[in-house]
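# Overview (structure and organization)
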Number of protein chains: 2
Amino acid sequence: MSTSEFSIVFAVFPGVTQLDFTGPHQVLSRLPGARLCLAGTCGDTVESEDGLRFAKVMKLADIECCDVLCVPGGPGTTDAALDQVFIAEIRRLAGTARYVTSVCTGSLILAAAGLLRGRDAACHWAWRELLTPFGARPVSARVVRDGNIITGGGVTAGIDFALSVAQEVAGPTVAQAIQLALEYAPEPPFNAGGPETAPAEVRALVERRLAASREKRQRDVALAAARLEEKT
Amino acid sequence: MSTSEFSIVFAVFPGVTQLDFTGPHQVLSRLPGARLCLAGTCGDTVESEDGLRFAKVMKLADIECCDVLCVPGGPGTTDAALDQVFIAEIRRLAGTARYVTSVCTGSLILAAAGLLRGRDAACHWAWRELLTPFGARPVSARVVRDGNIITGGGVTAGIDFALSVAQEVAGPTVAQAIQLALEYAPEPPFNAGGPETAPAEVRALVERRLAASREKRQRDVALAAARLEEKT
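Throughout what follows, the structure given in this document is the object of discussion. (Residues numbered from 1 in each chain as written. Chains lettered and ligands numbered in written order. Predicted model: local features only at pLDDT ≥ 70, side-chain atom pairs only at ≥ 80, totals over all residues. Heavy atoms only, no water.)

### Things to note about the relation of the copies chain A and chain B
- Superposing chain A onto chain B takes a rotation of 180° combined with a translation of 0.0 Å along the rotation axis, leaving an RMSD of 0.0 Å. Given the turn and translation reported, the copies of this chain are related as if by a two-fold rotation axis.
- An overlap of 100% is found between the interface residues of chain A and their copies at the interface of chain B, pointing to a shared contact surface. (Least-squares fit on C-alpha atoms with pLDDT ≥ 70 in both. Contact = heavy atoms within 4.5 Å.)

If you want it as structure tokens, here you go:
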């Protein structure tokens, strides 16, 4: 790899939440020398939670190394955490990366790969406690840094996360130029973006919907944590 | 179309800025009954500005009607505005839609289709004045509504825009539930998201970069505006 290039790999899987990585991809593609790719266990086409189909996805096994490894989350996260090929490739690539990163429930995948033991990490607010079985320390924040591991909170936190990575890699002027070019001066129409500020009935509505997948996710995480335990 | 379905068409083209529509797609996919698709002049695969490849894109000509038409922007915008098939399909579909919408420089495409004459519209801050030759009134705002036309500002404004559309279509509780599920409580690391707040050297850096495409875009817009004039 040329020293002027900066390679960024987004590790994707079926049922990924696309905004977890499309936000960061848009931001980080504007870093000088950035070379970005999507990669998964099988390559080819990966379909997101909301039905977007991403073509020409690479195979993780075909990527030798990278500067930034970024793992998004989404409804497919715990299935991905149980895909042993995927997890082995995440562990291997993380070993080559300057920065090991995630957005949303992607931190559960880093955790399942054994990369967050004793580390602070962000996660989507509703799933944060699932980091604990892997020995990670869940932190309620938009962007969390612990050593070379940078994790973002739920979905839209990926944009704040990516601007932080841009600042780290290329300095504040470049990061601010990216922010200005993307007109990132957010004005959410409500103050409902976190469980502390959302109206009670809104939070109840979201929690009712998430309840449907909670039991499976807890079971998946217990299994992934047991596998990690055996391995180490 | 079943009355319980709500169809949303994102009109895409080569060189689109993907976050202009991936943000809204993520938000609007969570509306009850939402059926979303990407569609372009030729269908098949469309590559975004930053190299993401979106597969199984439909042909605009194959779509009879929709509830929401949403046109994103990006470096490919003025080429799309000069693609007469694309513009004719935008004009036709807009005639079937309850809401005609855009994000970023996508409003230049609505304008080129003759849909913004005498209307207020948002656009990316750096390109806003290009609305004028089409008889539209550029407005400096994150989300602008004029009748059934809802336009968003630059790139990341698409998320604020989409939550406004969600509120309009499904009410404030549903919109806030989507905001909470996407953890949209933004914390930009800098106050550099608009030309008024960005440091002077940051603004100068971005304007220097944009200068490279300004002349071509102005020429393209003049041609598209002349064509619109002839047509009407």
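### Describing the interface of chain A and chain B
- Every contact between the two is made by 59 residues of chain A and, on the other side, 60 residues of chain B.
- Interface area lost by chain A to chain B is led by Leu-180, Glu-183 and Phe-190 of chain A, which between them contribute 15%.
- The tally of links from chain A across to chain B stands at two salt bridges.
- Arg-30 of chain A is the salt-bridge partner of Glu-49 of chain B, the closest N and O atoms lying 2.7 Å from each other.
- At the boundary of chain A and chain B, one finds 37 residue pairs in polar contact (both at pLDDT 80 or more).
- Elements supplying a minimum of two residues to the side of chain A that touches chain B: helix 1 (18-28), strand 4 (53-59), helix 5 (157-170), helix 6 (172-181) and helix 7 (200-231) of chain A. (Buried area = accessible area lost by both parts, 1.4 Å probe. Salt bridge = Lys/Arg side-chain N within 4 Å of Asp/Glu carboxyl O. Polar contact = N/O pair within 3.5 Å; in protein donor to acceptor, adjacent residues only side chain to side chain. Helix = DSSP H or I, 4+ residues; strand = E, 2+ residues; numbered from the N terminus.)

### Re helix 7 (residues 200-231) of chain B
- At Ser-213 of chain B, helix 7 of chain B is deflected by roughly 45°, the largest bend along its length.
- By the burial criterion, the buried members of helix 7 of chain B are Val-202, Leu-205, Val-206, Leu-210, Arg-217, Asp-220, Val-221, Ala-224, Ala-225 and Leu-228 of chain B.
- Taken together, the buried residues of helix 7 of chain B touch helix 6 of chain A together with helix 2 (77-82), helix 3 (84-94) and helix 4 (106-112) of chain B. (Bend = angle between axes of the 7 residues up to and from the residue. Buried < 20%, exposed > 50% of the residue type's maximum accessible area, 1.4 Å probe, protein only.)

### Quick notes on the side chain of Gln-179 of chain B
- Considering the arrangement of structural elements, one finds Gln-179 of chain B in helix 6 (residues 172-181).
- In this structure, Gln-179 of chain B is in contact with Pro-188, Phe-190, Ala-192 and Gly-193 of chain A together with Leu-163 and Tyr-184 of chain B, ignoring residues within four places of it in sequence.

### Observations regarding unusual backbone geometry
All names here are of chain B.
- Here the phi dihedral of Val-155 falls at roughly 35°; this positive angle occurs in a residue that is not glycine.
- Mapped onto the fold, Val-155 is located in the loop between strand 10 (149-152) and helix 5 (157-170).
- One non-glycine residue, Glu-183, adopts positive backbone phi at about 45°.
- Note on placement: Glu-183 falls in the loop between helix 6 and helix 7.
- Using a relative accessible area of 9% as the deciding quantity, one classes Glu-183 as buried.

### Section: the pairing of strand 5 (residues 68-71) of chain B
All names here are of chain B.
- Here strand 5 shows a buried face lined by Val-68 and Cys-70 and a second buried face lined by Leu-69 and Val-71.
- Across three bridges, the pairing between strand 1 (residues 6-11) and strand 5 is parallel. Residue Ile-8 lies in a different strand from strand 5, and its bridge partner there is Val-68.
- In this sheet, strand 6 (residues 99-102) lies alongside strand 5 in parallel orientation, the contact comprising four bridges. (Pairing = 2+ DSSP bridges.)

### Here we look at the pattern of salt bridges
Residue and element names in this part refer to chain A.
- Counted according to the given criterion, the structure contains 27 salt bridges over all chains.
- Close ionic contact of Lys-216 with Asp-79 constitutes a salt bridge, the shortest N to O distance being 2.9 Å. Linking Lys-216 in helix 7 with Asp-79 in helix 2 (residues 77-81), this pair joins segments that are 137 residues apart in sequence.
- Looking at Asp-79, the relative accessible area reads 44%, which means it is partly exposed.

### Re the packing of helix 1 (residues 18-28) of chain B against helix 5 of chain B
All names here are of chain B.
- The interhelical angle for the contact between helix 1 and helix 5, taken along N-to-C directions, is 30°, at an axis separation of 8 Å. Here helix 5 runs roughly parallel to helix 1, going by the angle between their axes. When the axes of helix 1 and helix 5 are compared, the crossing they make is right-handed. Mapping the contact onto sequence places Gly-23, Pro-24, Val-27 and Leu-28 in helix 1 and Gly-158, Ile-159, Phe-161, Ala-162, Leu-163, Val-165 and Ala-166 in helix 5. (Axes fitted to C-alpha atoms, helices over the stretch in contact; angles between N-to-C directions. Parallel < 35°, antiparallel > 145°, perpendicular 65-115°, else oblique. Left-handed = near helix turned anticlockwise from the far one by under 90°.)

### Points about the nonpolar core
- In terms of nonpolar packing, the biggest core is built from 169 residues, with Leu-69 and Ile-90 of chain A together with Leu-69 of chain B touching the most fellow members.
- Setting aside its immediate chain neighbours within four residues, Leu-69 of chain A contacts Val-9, Ala-11, Ile-90, Leu-93, Ala-94, Ala-97, Tyr-99, Val-100 and Thr-101 of chain A. (Core = buried A, V, L, I, M, F, W, Y, C linked by side-chain atoms within 4.5 Å.)

### Quick notes on the packing of helix 6 of chain A against helix 7 of chain B
- In contact at an axis separation of 9 Å, helix 6 of chain A and helix 7 of chain B are set at 60° when each is read in the N-to-C sense. Judged by the sense of rotation from one axis to the other, the crossing of helix 6 of chain A with helix 7 of chain B is right-handed. Listed contacts from helix 7 of chain B to Thr-173, Gln-176, Ala-177, Leu-180 and Ala-181 of chain A of helix 6 of chain A are Val-202, Arg-203, Leu-205, Val-206 and Arg-209 of chain B.

### Here we look at the environment of Ala-122 of chain A
All names here are of chain A.
- Within the secondary structure, Ala-122 sits in the loop between strand 7 (120-121) and strand 8 (137-138).
- With relative accessibility at 0%, the residue Ala-122 sits in the buried group.
- Along the sequence, Ala-122 and Gly-158 sit 36 residues apart, while their C-alpha atoms lie 11 Å from each other.
- Each residue touching Ala-122, except ones within four places of it in the same chain, is listed here: Cys-104, Ser-107, Leu-131, Val-139, Ala-141, Val-144, Thr-151, Gly-152 and Gly-153.

### So, the state of the cysteines
- Scanning all chains against the criterion turns up zero disulfides over all chains.
- Lacking any disulfide linkage, Cys-65 of chain A is separated from the closest cysteine sulfur, that of Cys-66 of chain A, by 7.0 Å.
- By relative accessible area, which is 29% here, Cys-65 of chain A ends up partly exposed.
- No disulfide involves Cys-104 of chain B; its sulfur sits 6.5 Å from that of Cys-123 of chain B, the nearest cysteine.
- On the basis of relative accessible area, Cys-104 of chain B is assigned to the buried category, the value being 4%. (Disulfide = S-S within 2.5 Å.)

### Observations concerning the packing of aromatic side chains
- This structure, assessed with the given rule, holds seven aromatic pairs over all chains.
- Pairing Phe-13 of chain A with Phe-86 of chain A gives two aromatic rings, centres 5.8 Å apart and planes at 80°, and the pair type is edge-to-face. Placement of the pair is Phe-13 of chain A in the loop between strand 1 (6-11) and helix 1 and Phe-86 of chain A in helix 3 (residues 84-94), with a sequence separation of 73 residues. The same class applies to Phe-13 of chain A and to Phe-86 of chain A, which are both buried.
- Joined through ring pairs, the aromatic side chains of Phe-10, Phe-21 and Phe-54 of chain A together with Phe-10, Phe-21 and Phe-54 of chain B make up one cluster.
- One residue, Arg-217 of chain A, lies across the ring of Trp-127 of chain A, its end atom 4.5 Å from the ring centre.
- Over the ring of Trp-127 of chain B we find Arg-214 of chain B, and its NZ or CZ is 4.4 Å from the ring centre. (Phe/Tyr/Trp six-rings, centres within 6.5 Å; stacked < 30°, edge-to-face > 60°. Lys NZ or Arg CZ within 6 Å of the ring centre and 35° of its normal.)

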